[in-house]
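This is what each chain is made of:
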Amino acid sequence: MITPPEQVPLDRAFFDRPVLDIAPDLLGRTLVRTTEQGPVTLRLTEVEAYDGPNDPGSHAYRGRTDRNAVMFGPPGHAYVYFTYGMWFCLNLVCGPEGTPSGVLLRGGEITTGADLARAHRPTSRKDSDLAQGPARLATALAVDRSLNGADACGPGGPLRILTGTPPPPALVRTGPRTGVGGAGADHPWRYWIDGDPTVSPYRAHAPRKRR
């Protein structure tokens, strides 16, 4: 049986490249999350690149820690972190082993398994916001720290990335990353598909006020 081109898994070589090349190339790709209840698939529409030691906005900017250790490993693995004491976020490790760069998966369109995604996110008001933003995306796909380090390039795993259908280059937009402050605030390393309803609204960094 011949696998349709759009359902061919991306291999590790795809992720073993500079993160700023990989991030826009992930738009339109298909993320498959396999759960005990069944699969949920998502078409990626929004991502952000984080360039490790070259990027003050990256978790790996100051070196290796227990939290970010997966980022220093082989490309094509999942880096999952917990933020604000409430939410998980899903990233894909990029570049050669030892180079801690990654792409945050910010938004996407649920293409199959919408009933499961709705069950994971019962507060969602419409399907276009099921995975509209990194915390919503991770929640809709039932992503938690148990997936930290999962191989997205290996067969039979809980996460896989398929070729999908990349958008025409004219529809790819780029701009500052959401919520990033400091020296990395102006890097235009957020990429999204223009006009797609699943793309999250841009929010500039807002410094926390001291009490």
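Residues numbered from 1 in each chain as written. Predicted model: local features only at pLDDT ≥ 70, side-chain atom pairs only at ≥ 80, totals over all residues. Heavy atoms only, no water.

A.B. asks: Looking at this model, I keep getting lost on the overall build of the protein chain. Mind explaining?
C.D. replies: Secondary structure summary: the protein chain contains four helices and eight strands in total. Ordered by position in the sequence, the α and β elements of the protein chain form the string α-α-β-β-β-β-β-α-α-β-β-β. Seen through its C-alpha atoms, the protein chain measures out along the principal axes to roughly 55 × 40 × 35 Å. Buried residues in the protein chain amount to 49% of all 211 residues. If you take every contact in the protein chain between residues at least 6 apart in sequence, the share linking residues at least 24 apart comes to 62%. Accessible surface, the protein chain as shown: approximately 10600 Å² in total, 54% of it carbon and sulfur. Once the 24 positive and 21 negative side-chain charges of the protein chain are each reduced to a mean point, those two points are 9 Å apart. (Helix = DSSP H or I, 4+ residues; strand = E, 2+ residues; numbered from the N terminus. Buried < 20%, exposed > 50% of the residue type's maximum accessible area, 1.4 Å probe, protein only. Contact = heavy atoms within 4.5 Å. Areas by Shrake-Rupley, 256 points an atom, 1.4 Å probe, with all protein chains shown as cover. Lys, Arg positive; Asp, Glu negative; His and termini not counted. Charge placed at Lys NZ, Arg CZ, Asp CG, Glu CD.)

A.B. asks: Looking at this structure, how should I read the nonpolar core?
C.D. replies: A general trend in soluble globular proteins is that nonpolar side chains are found buried together. If you look at the biggest cluster of nonpolar residues, it comprises 41 residues, and the most contacted ones within it are F15, L26, L90, V103, L105 and I110. Element by element, the count of residues in this core is highest for strand β2 (residues 38-50), at five residues. Ignoring sequence-local partners within four residues, the contact set of F15 consists of L10, I22, L26, P75, G76, L92, V93, C94, G95, C153 and I161. (Core = buried A, V, L, I, M, F, W, Y, C linked by side-chain atoms within 4.5 Å.)

A.B. asks: Got a minute to help me understand a nonpolar patch on the surface in this structure?
C.D. replies: A cluster of nonpolar side chains, namely Y84, M86 and W87, defines an oily patch on the protein surface of about 390 Å² accessible area. Locating W87 in the fold gives a position in strand β4 (residues 87-94). For W87, a relative accessible area of 39% puts it in the partly exposed group. (Patch = residues over 30% accessible without salt bridge, like charges linked within 9 Å, V, L, I, M, F, W, Y side chains within 5 Å. Salt bridge = Lys/Arg side-chain N within 4 Å of Asp/Glu carboxyl O.)

A.B. asks: Help me understand unusual backbone geometry in this model?
C.D. replies: A negative phi angle is the norm for most residues apart from glycine, just as the trans form is the norm for most peptide bonds. For Y84, which is not a glycine, the phi torsion comes out positive at approximately 55°. Following the sequence through the fold, Y84 ends up in the loop between β3 (78-83) and β4. A relative accessible area of 61% places Y84 in the exposed class. With phi around 55°, A142 is a residue other than glycine that occupies positive phi space. Tracing the backbone shows A142 in the loop between α4 (134-140) and β6 (159-162). Classification of A142 by relative accessible area gives partly exposed; the value is 27%.

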